[in-house]
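Working through the structure, step by step
Listed below are the residues making up each chain.
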Amino acid sequence: MACEFVIPGERSELLRSGRVRQYVVQEVLPVRQLAEHIQAFKLAFRSTGPLALLDHFDTPYSVLSQFRAVEPSLQEQTLDLLVKAVSQHSSDLPAVLDDTTLKPSARLDHLNALKMSCYLLTQLIEAFDNQNYKEELANVGPVGKARKLKSKSGAFDWELARAHALQVLNQLLQLEIRRLWPMGQVEEEFSRLITSCCCHILECPSIGQVKNKATREAVAHLLGVMIKRYNHMLGATLNVIQLLQHFEHLPPVLAQSVTTWATEYGLKSIVGEIMREIGAGEGGRESTGARCCAVFLTELADRIPEIMAPNISLVLDLLNGENYTLRNAVLAAMGQMVTRVLNGPNLDGAAREARDRFLDTLQLHLHDVHAHVRNRSLQIFTSIVQEKALPLKRFQSLVTLATGRLCDKSVLVSKNAIQLLASIMANNPFTWKLSSADLHSAHEKELLKLAEMRAKFVGPSPDIQLKPEEEWEAMHPEVLLAISDVLEGEEELELEGERVAAGESSEAVWQRIQQLLNDTKYKPAVRLLLEAREQFPDSAPFSMEDRNEAKDGESNSRKDGLLKIIQACFIGRADAGVELPAPLAEPSAEDDQKETQEPSELAKQEVLVQYLKDALSFASKIEGAIEIVSKFLSSKNPSVVQEAIQFFVTISEFGISQALVGMREMLPLVWSKEAGVKEAVTDAYRRLYLNGESSKPQTLVQNLTALLFDSNVDSIKCLEQLVSEFVQKNEIKPAVIQLLWERLTEKVASTPLERRAAVILLGMAARGEPEIVGSNLETLYTVGLGPRVREQQDYQLARDTCLAIGKLSQGKKKLLGGSAISFRLPSDHQLFSHISDAVTDGFCSPSPHWRPFAEAAVALVYQLSENPDRLCGHLLLCCASLLTNHQEEKADDPPSEQTEETAEVKATEVCPDSPSTLPAHVLGNLIATVGHVALQQMLHLERAVGPEMQRRRLNREQQEVKQKMKGKTTRASGIEEELGLTEGSADDTEAELVRSICEAELLDDRQLLSAFVPLIVKICTNPGRYNDPDLCTASCLALCKIAMVSHDFCEKHLRLLFTMLEKSALPSIRANTMVALGDLSFRFPNLIEPWTPHLYARLRDSSPAVRRTALIVMTHLILKDMVKVKGQISEMAVLVIDEEESIAMLARSFFNELSHKGNAVYNLLPDIISRLSDPECGVEEEPFQIIMRQMFSYITKDKQNESLVEKLCQRFRTARLERQHRDLAFCLTLLPPSERSLRKMQEHFECFADKLTEENVYQHMMGIAGKLHRGIKPELKALVDEFEQRLSRCHNRGLEEGDIGELPPNPAVKGPAKPSIKKTAKGATWRGELVTPRLRKPRQPSRRMCITFSSDETSEEENEEGVALECETPKMTSPIRRSTRSRKQRHTRDCTPGKDSGD
């Protein structure tokens, strides 16, 4: 073959000749002839080898040109032939290349065969890739079993064939094929042919899959060979950048390829070239390219950080760019370098400086403007800390920075800040116990020891001494001046100055010169030195000669020589080039050893003190972050809550004292609806208390006991849930339960608090396994309710014992029918005798713990006894007799024996014939017991008797069904069963029976409880006479509990309850009554509904405890739809800014929950605005704005925003005061600006045009216009400009005829407008103009105009001195006014309708 094969740019170029002796395809064979020609090609290949391609090139070229039309078998045969040709050619070429006698024509044949085979193979690979990609797109839908079977059944696996073909090409390119070219240089077209094929393969989206791993590696090695052997460095760099810009799947693949080039082929310089291109912005011009470049840099830094480290400066400019993903990538690269390259104790100075620069940059970006960068910086620092690559000196500052990021506005940043703090704690360099108290005591101790050592080693504090060098620097000018003066007056030297004595040694003269210098006698010292040089010319240091002394009379060199000698004499060492005398130069060996030992011990102590100081500072900073992290336990983000839980687990393991507070605060999360949070809490307590050393019985019991101390009721309930769950899963060992029993019975020495904790923990465990208490019931009540407890009056232990025994009632016997029978004990059981004895023995005790114990005892009797009413009735009689006996004993005692300190009350109600007195706590104990017995009796009827009656009925019905199956049925019963009337009527009958018993029998005159009711009512009615706080509180609670029993009794004494709610001087009575009325609202809603305004009134109680209780009660009532939400909801809104943070948090939580109930907040917002902006009953302007920001945050729908704009604009007409104008304008600014809202404001411009003369209103409106300018469409810009111009004209010149029309008269002056209902959003309605309609009752003329609202209705005045009369029972809800008492009376006189006749 005499012609030359030229690699074409396009395939069609081979069909036409471009120059002389260029190879041209003679004919593109038809598809039907391809099989025959391929067979001929095979035969030629077998005979002549790869050179057969020179004569048969047209055959594979024809297959390539008509690839889609060719049968797959022919495609595969062609590919196989070409791969074999290239493989055999790579085997034959070494001998050809080494043959020096090879003719040029033969060399040209081999070159043409090489180029032809490589061209055909690469083109065929691309064709197969394109076909395979199209097939994958066609099979995207069905990805199931059929597709897998198809891939298995096929004989041709393209992935394997492609990898093999690339490996063959790589094997060929490893040879010195450039020697085939005439100039010894591979042509650029050949290099481009190979690299283009590689890039085409990389563009396939599936290249990153596991099945293509061999292909990826082959491409990487092929490109590596091209870069190293064929000068493809620049082209590869540009290819990498271009591929990153256009293909999002390539960054990990290219990062692996670059790693291969740098490590296996030694091409480290290409890493710098790529980084230079990325740093110059070539990869980040588009968002996709920037993101891919960021991923590429991150992946590359993860693989070869040591190679990237010298080139990191090339991408530092990206830290100042706008793209945050590139900033993250550079920071991640720095983190990898710090962790894996610049880590360890053997770093040199340059490496330390580089590490510190990287860490400084990371710390700087903790305050980046973008949250994702701050988040990434925290993650990088977390990995650095976990890899122990953070220098010791940076721990303190990093804790401070991480604590500051806890308050970041981004939740992700806060989450990672918590994670970083936990990692710092887990990897801290100080100690495994970081209790600040222990560290403080150790630091103080070692500091005192250090002071003693310094006093011992140094002695008394001397004056500050300078070093000889420093003293010489200070006296140098004066000495030089003295030398000049002495040399100038040398002729007078013999007349004055120091003289060398006869027989005086040179060492003695030396010391004399030193003394003169110390005494600042510089001229005598110089004169003595000059004489010593004459007397001791051969003794050091006087033997120094002035080598540079001039003969012309210049004295500078002589001055320098004398200055050096004097310096040597003063400093006392050979710094000036003088050998010192032995006595001055060498100290004694003993002194040197002593001076070496003492500073060594002192230095160790100083290091210890500094270590303790740093550890204490570190622990203090961690403790400072605990309070902030604890707030995240109530976050709505589950992942943040889990990180906070993990943080508290970590600091608990390191002994931080405040960690126990966080562990208690996370306990309520066991009730979380998020499964992940609940599991995290359970795992946290399992890790801290059940794993490792903590799992030992003694340690576990001690830890749980410590957790119980100072815990409230809610925390104990949550802990009970955890312990019961652990018991159910058998994670608490029997040895722990055994140790608790031993503590309770004092077989193991324990304090009273530990005994009580043991009972509580046994009760918790019994909830998960009731048999724990049931198997040792006698031991429990013998110890917990025995004589010793009664003697010691340990009623807390007795109460906890009753609660623990009460867990037995949870173990119910399951029947075959699915019903259950509660566990009951006979009435003569010893348990009840112990309970009765314990209650009666302590009845007269003044202990404040007796009443909780009595309530628990009564509840236990009703839970476990078969006849609880009889036992409790007997118990009440015993207590009443004890009261009577105590009263008689008091009457028999002489007056001198009755102390004045005892609180006493009249007892004529119990014993009418006796005028004597008795202690108030005794009567209070009786009343408290009576109230609880009444409540438990009612609960017993509803929860035990009623279900038992139902169970028995079901048993009877089952028996009847069995009889009916035998044929004993009637038609009527069959009809009733079909209609479902039998069971429903039976259920109603049982419920009605229980209800009638509670109404008619429990408080009947023949019942025991009725005997105590008059006494309770009288005490509650006469708080002035019975003024003991404890007695009044007990009576109020008893009255509330009895009111729960009967509807009639509740209705009769309801006014008394509300009187105590409003007028009681004791906050405890008001709070307890509020809780009771909340319960009554669920039991008797129709009775409580007219009194709802009085419930709202407690939201502005002076006592924070009452406000908090009222808020909780109203929250439950409103969210459960037991109370109609009206205008009084503004009282709830006011609590958002309550001075008590806990109350404000509860108020915000209420509105958060209310916002989830459809359009509730949207419907209530007008009433809230009206009431809070009213100067009579509202709030100040600044608190109003805070509340409104909270309220408007729940308005998220566009239709609601549009409707609110319209209604607020219309409200300007009814508002008379400037304050109301400002409030309405401020509310408008809280709504998000939009085109629709702008058009609504333009439509209703006349409503607020006359108010724009007020500066604040105008500024608010201009602020709205400014917001509209920011995101408005270009076509609406004219509309916004027009709106601003109208605002400015009305503000500057008032009303003009051209701007607005004639304003209608103010409807607030003429009278209220008629309400109109308009649909504004789905499921929501608004009252037009929000003005109160005219009431039916005539209103008295008022002296001052009063604005009314749609939710306001008439109100009745209450008697402020006594109990309200029957005629005062409210029939309609009343508005709540936030005003003083005098203002309320004046407002009532001026603005309310006439009073009822009862007033």
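Residues numbered from 1 in each chain as written. Predicted model: local features only at pLDDT ≥ 70, side-chain atom pairs only at ≥ 80, totals over all residues. Heavy atoms only, no water.

Glycine aside, residues mostly have negative phi angles, and peptide bonds mostly take the trans form. For K388, which is not glycine, the phi torsion reads 55° and is therefore positive. Mapped onto the secondary structure, K388 falls in the loop between α17 (371-386) and α18 (395-405). The backbone phi angle of E746 is positive, close to 65°, even though this residue is not glycine. Here E746 is to be found in the loop between α32 (734-744) and α33 (752-768). (Helix = DSSP H or I, 4+ residues; strand = E, 2+ residues; numbered from the N terminus.)

Next up on the list: the environment of L359. On the secondary structure map, L359 appears in helix α16 (residues 349-364). Residue class for L359 comes out buried when judged on its relative accessible area of 0%. Considered as a pair, L359 and F381 are 22 residues apart in the sequence and their alpha carbons are 8.8 Å apart. Among all residues touching L359, those that are not within four sequence positions of it are V338, F381, I384, L390, P391 and R394. (Buried < 20%, exposed > 50% of the residue type's maximum accessible area, 1.4 Å probe, protein only. Contact = heavy atoms within 4.5 Å.)

The next point concerns the packing of helix α35 (residues 777-784) against helix α37 (residues 795-805). Direction vectors running N to C along α35 and α37 enclose 160°, while the axes themselves pass 9 Å from each other. Between α35 and α37, the interaxial angle falls into the category roughly antiparallel. The chirality of how α35 crosses α37 is left-handed. Facing L777, L780, Y781 and G784 of α35, the residues of α37 in contact are L797, A798, T801, A804 and I805. Of the residues that constitute the contact of α35 with α37, the class distribution is seven nonpolar, two polar and no charged. (Axes fitted to C-alpha atoms, helices over the stretch in contact; angles between N-to-C directions. Parallel < 35°, antiparallel > 145°, perpendicular 65-115°, else oblique. Left-handed = near helix turned anticlockwise from the far one by under 90°. Nonpolar A, V, L, I, M, F, W, Y, C, P; charged D, E, K, R; others polar.)

What follows is about helix α19 (residues 411-426). Between its first and last C-alpha atoms α19 spans 23 Å; for 16 residues at 1.5 Å apiece the expected length is 22 Å, and the two agree. Those residues of α19 that sit buried are V413, S414, N416, A417, I418, L420, L421, A422, S423, I424 and M425. (Expected span 1.5 Å × (residues − 1).)

With that settled, the discussion passes to the packing of helix α5 (residues 104-138) against helix α7 (residues 158-173). Between α5 and α7, the least distance of the axes is 11 Å, while the angle of their chain directions is 155°. As the angle between them shows, α5 and α7 are arranged roughly antiparallel. Judged by the sense of rotation from one axis to the other, the crossing of α5 with α7 is left-handed. Along its contact with α5, which presents L114, C118, L121, T122, I125, F128, D129 and N132, the element α7 presents W158, E159, R162, A165, L166, L169 and L172.

The predicted model of the protein chain averages 80 in pLDDT, with 80% of residues at 70 or higher. Taken as a whole, residues 1295-1399 scores under 50 in pLDDT and shows 182 contacts with residues more than four places along the chain or in a different chain. (pLDDT = per-residue confidence, 0-100.)

So, on to the side chain of S1103. By secondary structure assignment, the location of S1103 is in the loop between α49 (1092-1097) and α50 (1104-1119). Taking relative accessible area as the criterion, S1103 reaches 12% and is therefore assigned buried. In this view, S1103 contacts P1067 and R1070; residues no more than four positions away in its chain are not counted.

With that settled, the discussion passes to the environment of E136. Assignment of secondary structure puts E136 in helix α5. Since its relative accessible area comes to 19%, E136 is described here as buried. Counting along the chain gives 70 residues from E136 to S206, while the straight-line C-alpha distance between them is 9.5 Å.

Turning next to the environment of L366. Turning to its location among the elements, L366 is positioned in the loop between α16 and α17. The class of L366 is buried, set by a relative accessible area of 0%. Counting along the chain gives 35 residues from L366 to L401, while the straight-line C-alpha distance between them is 7.7 Å. Those residues within four positions of L366 in sequence are excluded, and the remaining contacts are R374, S377, L378, F381, L401 and R405.

As a further point, take the nonpolar core. Counting residues in hydrophobic clusters, the biggest one holds 368 residues, and the most contacted among them are F296, I645 and M1188. Setting aside chain neighbours within four positions, we find I645 in contact with L633, M666, L669, V677, A680, V681 and A684. In this structure, F536, I565, C569 and I571 belong to the second largest nonpolar core, which totals 27 residues. (Core = buried A, V, L, I, M, F, W, Y, C linked by side-chain atoms within 4.5 Å.)

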